[in-house]
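# A structural walkthrough
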Amino acid sequence: MKNLAPIDAAALEAVETREWLESLDYVVAQGDKARVARLLDALQARARLSGLRPQYSASTPYINTIAPHEQVAMPGDGALERRIKSLVRWNALAMVVRANRESDGIGGHISTYASAATLYEVGFNHFFRGKDGGADADVIFYQGHASPGIYSRAFLEGRFTEEHLRNFRHELRDGGGLSSYPHPWLMPDFWEYPTVSMGIGPLTSIYQARFIKYLHNRGLKTPSEQKVWAFLGDGETDEPESLGAISLAARERLDNLIFVINCNLQRLDGPVRGNGQIVQELESVFRGAGWNVIKCLWGSEWDDLLARDSEGLLVKRMGEVVDGEYQRYITEDGAYLRKHFWGTDPRLLEMVRHLSDDELKKLRLGGHDPVKVYNAYRMATTHQGQPTVILARTIKGYGMGEAGEGKNITHQQKKMNEADLRHFRDRFGIPIPDDRIADAPFFRPDEASPEMKYMRDRRAVLGGSVPKRTVAAPKLTLEMKDVFEEFAAGTGERKASTTMVFVKLLAKLLRDKEIGKLCVPIVPDEARTFGMESLFRAVGIYSSIGQLYEPVDMDTLLYYKEAKDGQILEEGITEAGSLSSFIAAGTAYATHSVNTIPFFIYYSMFGFQRVGDFIWAAADSRCRGFLLGGTAGRTTLAGEGLQHQDGNSHTLALSVPNCKAYDPAYAFELAAIIKDGIKRMYGDGESVFYYLTVMNEQYEMPPMPKGVEDGIIKGLYKFRDATSKGKIPAQLIGSGAILNEVVKAQAMLENYGVAADVWSATSYNELYRDAHRADRWNLLHPTEKPRVPHVTSCLSGTAGPVIAASDYLRSQPDMVSRWVGKPMVTLGTDGFGRSEDRQSLRNFFEVDARHVAAATLSVLHREKQVDAKVVKQAFKDLQIDPEKADPTLV
Ligand SMILES: Cc1ncc(C[n+]2csc(CCOP(=O)(O)OP(=O)(O)O)c2C)c(N)n1
Ligand SMILES: [Mg+2]
């Protein structure tokens, strides 16, 4: 064919394009949407077969997902809702302004809630289900620093007094205060989940939604319309945790989950994506992961303009402006917008010729338009088979005017002068007179006012106020018959590790009549590491769709069984995700009135050290359950080396006030602690949770000595008396796997005339806390009979110095040394681990039996109990090298 002249080519292309489009129009007009989709798929396939690779884009045009003709009219009284919203805005702002006037630097945020007010108010008036209606309440994760708005609404609903608002960020004042952010620990009747450490809310909300399905599928909860809402900032999505599990949400078809991302295009310092478009980026990521994405970008005022955009010029323009420029438009006037947004094409300018500069400025964004937000929520709450994310565009600091609207400083703006306050009042029509405005007084309308009545009515219809945390789970009797007894007997000559003991105990708990079904084993792809594969078959691995394949090991006894009612949460390699499941299961007693008991077992080094902030959130959430740090102990985990060998986690656990951490050595210790823990958490309702280290070293488990249970729980008890062979007294303390080394040292020391008692320290953290509690009480009650710390009552009356060895940092035993009342030396594993066998590692860190014995003799010599000659001989016998490298320095 001969080449066409360019002009002919263009004309031909125009004709061709028209023909293709007309063909498509024809099929569309037939009304069969599925047919259109099939046709487009077929075209794509043909193009690919022809070697064409169209550029991939997962984003759609920069317009609202919901077309105006798909919208429904908003129910309710829009004018009243606007007035209520304005009052919430005002009190939220006044709360922060007044707090900072009174105490400079006390902080708080105005601009975040100002941008999100419509997103929340549409929820409060039409969607968020409360707990009083008998139905399941929605689980809502509020953006942490939007809390002033949430408090303000609670104030308007009559849940808080003016005094509460005055005490925002003054929690210690009389009458109670309001915590800066959502903290169930501090406001246990109000907040349910902590969110302000960015990324925690989104991730935990996904696992919460999945856990709700788990409860349904396992018959622990009746399926309902309950939704999980997670409100987050666009800046927050940069946290890896925020988007880290979105593919899980899609894979699990969590249509009970709705993310609302407040796209105000700004974070703390400046724009989230000044040179790009955060909305488009997020749309691509979420669509790619399989989410239903609803963009809510433009308010109703734009509908008419877009309807007249026959050539797609406006859509194109909307899609090419970068966020930094969009932010600029917020701070500029209508004339600027006309010139810079519309002025790039005369045809665009023509489109808005009928609008004044003022009107141009007033074209709202989608996230500020209740009708658009309502329709987005409506679609999200009825969408099936996928989670939904709503990307709502808003203005940071909306309504703050000169004081901060859209400015880079707005996140930090906590103060407003009289003119700023007046501007805000006028803009939102707050009925506060000129002569009082400077004081920023709180305002609640009359009880009989239409606003109050409307607000109350709406919440009554929706099941009462939110947020609200309640604890209404049934009391458990916790007989746990025949579960724990066998562990007190020991294993005789059979060797076992504490991990094996734990797995056996868990298997027994899983068979318990009352709590068996409530136990939730959670593993991050480590079940085989811990010898738990027998549980795969026994209780099944949870899978919302059952098992669609015949597992490769089907013919074995312990095959990989996935089931819809499977009990194990096999999370794959995600400690953060597993902890989110732990939080969901450990707080279900409050959220779902179901007493699920999570047992999350993982490589101990990848817990507190790796996902400590999630553990902190669990603590704040009043989460219950057991964290099990497996393969624990710096010298007990052989071979794995520096990254895996954990000598740190108990020290890190100490920082979590309601986490009780134990380092048990023997089966009976572990059993006693778990039994006590279940009773405390699920019988007495204590807001604590447990961290237990379990090891993979196998040894004979001795029977439980008489009367030691109390000591095990308190953290220290005498395991074995000295034999009568020696004369020189000493007190040896061991814990975890190192207790065996200490027992061996006891025998070695007999050869040198030393009679050493052996103590087991199951928890230095508990001993330390107990000692400080006693100290504090004694300081505050100087004239009363002093209280004696447990560690003191154990050791102060004994003879000889104390030598304590642990597989963790020396600071563990060191912590209690001042309450021991006598000389004490400590051995521990400070420093980096090594790939080695146990024996070499214990020699390297100087925590083996030889070093315990040598250290004891050394101290006894210092105490003038043992001759130099004896020590020298002992060092020789024990092959102690005094010049060996210091393990903390190499
Ligand atoms: C893990 C973590 N890092 C940093 C912060 C401090 N911080 C609080 S708010 C904020 C900016 C939030 O921006 P965005 O998520 O967009 O919320 P917006 O206020 O704009 O709605 C930052 C950095 C935090 N709370 N948590
Ligand atoms: Mg933001």
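The notes below deal with the structure included here. (Residues numbered from 1 in each chain as written. Chains lettered and ligands numbered in written order. Predicted model: local features only at pLDDT ≥ 70, side-chain atom pairs only at ≥ 80, totals over all residues. Heavy atoms only, no water.)

### Structural notes on the overall build of the protein
As a reminder, the rule being used: Runs of H or I in DSSP of at least four residues are treated as helices and runs of E of at least two as strands, each being numbered from the N terminus. Contact criterion: two residues are considered in contact whenever any of their non-hydrogen atoms come within 4.5 Å of each other. Computed with the Shrake-Rupley method and a 1.4 Å probe, the accessible areas treat only the protein chains shown as cover for residues. For the charge count, each Lys or Arg is scored as positive and each Asp or Glu as negative, with His and the chain ends excluded. In plain terms, the charge of a residue is placed at NZ if it is Lys, CZ if Arg, CG if Asp and CD if Glu.
On a plain count of helices and strands, the protein comes out with 36 helices and 20 strands. The principal-axis extent of the C-alpha atoms belonging to the protein is close to 105 × 80 × 55 Å. Of all intrachain contacts in the protein linking residues separated by at least 6 positions in sequence, the fraction that spans at least 24 positions is 78%. Accessible surface for the protein amounts to roughly 37,400 Å². Of this, 52% is attributable to carbon and sulfur atoms. Of the side chains in the protein, 107 bear a positive and 115 a negative charge, and the two mean positions are spaced by 2 Å.

### Regarding the packing of helix H7 (residues 200-217) against helix H26 (residues 608-620)
Selection criterion: The convention used is that axes are lines fitted to C-alpha atoms, helices contributing only their stretch in contact, and that angles between N-to-C directions extend from 0 to 180 degrees. Should an angle lie under 35 degrees it is considered roughly parallel, over 145 roughly antiparallel, and from 65 to 115 roughly perpendicular; all remaining angles are considered oblique. Note on convention: the crossing is left-handed when the near helix lies turned anticlockwise from the far helix by less than a right angle, right-handed when the turn is clockwise. Under this grouping Gly is polar, as are all residues other than the nonpolar Ala, Val, Leu, Ile, Met, Phe, Trp, Tyr, Cys and Pro and the charged Asp, Glu, Lys and Arg.
Direction vectors running N to C along H7 and H26 enclose 70 degrees, while the axes themselves pass 11 Å from each other. Classified by the angle between their axes, H7 and H26 sit roughly perpendicular to one another. As for the relative orientation of H7 and H26, their crossing is right-handed in sense. The residues of H26 that touch H7, namely those facing Ile200, Leu203 and Thr204, are Asp613, Phe614 and Ala617. Each residue belonging to the contact of H7 with H26 can be placed in one class, and the counts come to four nonpolar, one polar and one charged.

### Topic: the coordination of the magnesium ion (ligand 2)
The cut-off we apply is this: Think of the donor list as every N, O and S atom within 2.8 Å of the metal, or within 3.2 Å for Na, K and Ca; water never makes the list, so a site can look incomplete. Relative accessibility under 20% of the residue-type maximum defines a buried residue, over 50% an exposed one, and the middle range a partly exposed one, all with a 1.4 Å probe and only protein chains included.
Coordination sphere of the magnesium ion (ligand 2), protein contribution only: Asp234 (OD), Asn264 (OD1) and Gln266 (O), at 2.0 to 2.1 Å. Read from N- to C-terminus, the donor residues coordinating the magnesium ion (ligand 2) fall into the pattern D-x29-N-x1-Q. Of this pair, Asp234 sits in the loop between strand S2 (228-233) and helix H8 (240-243) while Asn264 sits in the loop between strand S3 (257-263) and helix H10 (278-289), and the two are 30 residues apart along the sequence. Here Asp234 matches Asn264 in class, with each residue buried.

### Description of a nonpolar patch on the surface
Our working rule: In this analysis, a patch consists of residues with relative accessible area above 30% that form no salt bridge, clustered at 9 Å for like charges and at 5 Å for the nonpolar side chains Val, Leu, Ile, Met, Phe, Trp and Tyr. In the sections that follow, a salt bridge refers to a side-chain nitrogen of Lys or Arg positioned within 4 Å of a carboxyl oxygen of Asp or Glu.
On the surface, Trp20, Leu40 and Leu43 cluster together into a nonpolar patch covering about 320 Å² of accessible area. Tracing the backbone shows Leu43 in helix H2 (residues 33-49).

### Things to note about the packing of helix H4 (residues 111-126) against helix H5 (residues 147-156)
Helix packing geometry: the angle between the two helix axes and the distance between the axes. Look at H4 against H5: their axes get within 9 Å of each other, and the N-to-C directions meet at 45 degrees. Considered as vectors, H4 and H5 are oriented oblique to each other. Seen along the crossing, H4 lies across H5 with a hand that is right-handed. Residue-level inspection shows Tyr113, Tyr120, Glu121, Phe124 and Asn125 of H4 in contact with H5, the latter providing Gly149, Ile150 and Arg153. In terms of residue class, the contact of H4 with H5 is made up of four nonpolar, two polar and two charged.

### Details of the packing of aromatic side chains
The cut-off we apply is this: Centres within 6.5 Å make a pair out of two Phe, Tyr or Trp rings, where for Trp the six-membered ring is used; the pair is then stacked when the planes are under 30 degrees apart, edge-to-face when over 60, and tilted otherwise. A ring is considered to have a charge above it if a Lys NZ or an Arg CZ atom is located within 6 Å of its centre and within 35 degrees of its normal.
Counted according to the given criterion, the structure contains 54 aromatic pairs. Taking NZ or CZ as reference, Arg169 lies 5.2 Å from the ring centre of Tyr181, over its face. Here the basic side chain of Arg787 rests over the ring of Trp777, its NZ or CZ set 3.9 Å away from the ring centre.

### Remarks on the site of ligand 1
Put simply, the test is: To be near a molecule or strand, a residue needs just one of its heavy atoms within 4 Å of it. Under the rule applied, a polar contact is a pair of N or O atoms within 3.5 Å (in protein, one hydrogen donor and one hydrogen acceptor; residues adjacent in sequence only if both atoms are side-chain atoms).
The environment of ligand 1 is formed by 18 residues, the closest being Thr112, Gln143, Asp234, Gly235 and Lys396. Within the contact set of ligand 1, an oxygen atom lies 2.6 Å away from a side-chain nitrogen or oxygen of Thr112. A distance of 2.9 Å separates an oxygen atom of ligand 1 from a polar atom in the backbone of Glu236. Taken by itself ligand 1 offers 590 Å² of open surface, and the protein chains cover 76% of this. Looking at the shell around ligand 1, its residues break down into three nonpolar, ten polar and five charged.

### Some details on unusual backbone geometry
Comment: phi is negative for the bulk of residues other than glycine, and the bulk of peptide bonds are trans. For the bond from Val466 to Pro467, the omega torsion is -5 degrees, close enough to zero to count as cis. Checked against the element boundaries, Pro467 lands in the loop between helix H20 (450-461) and helix H21 (485-488). Of note in the backbone geometry, Asp482 takes a positive phi value of approximately 60 degrees without being a glycine. Among the secondary structure elements, Asp482 is positioned in the loop between H20 and H21. In this structure, Arg622 takes a positive phi of about 60 degrees despite not being glycine. By the secondary structure assignment, Arg622 is in the loop between H26 and strand S12 (626-630).

Any link to function would need more than the numbers given here.
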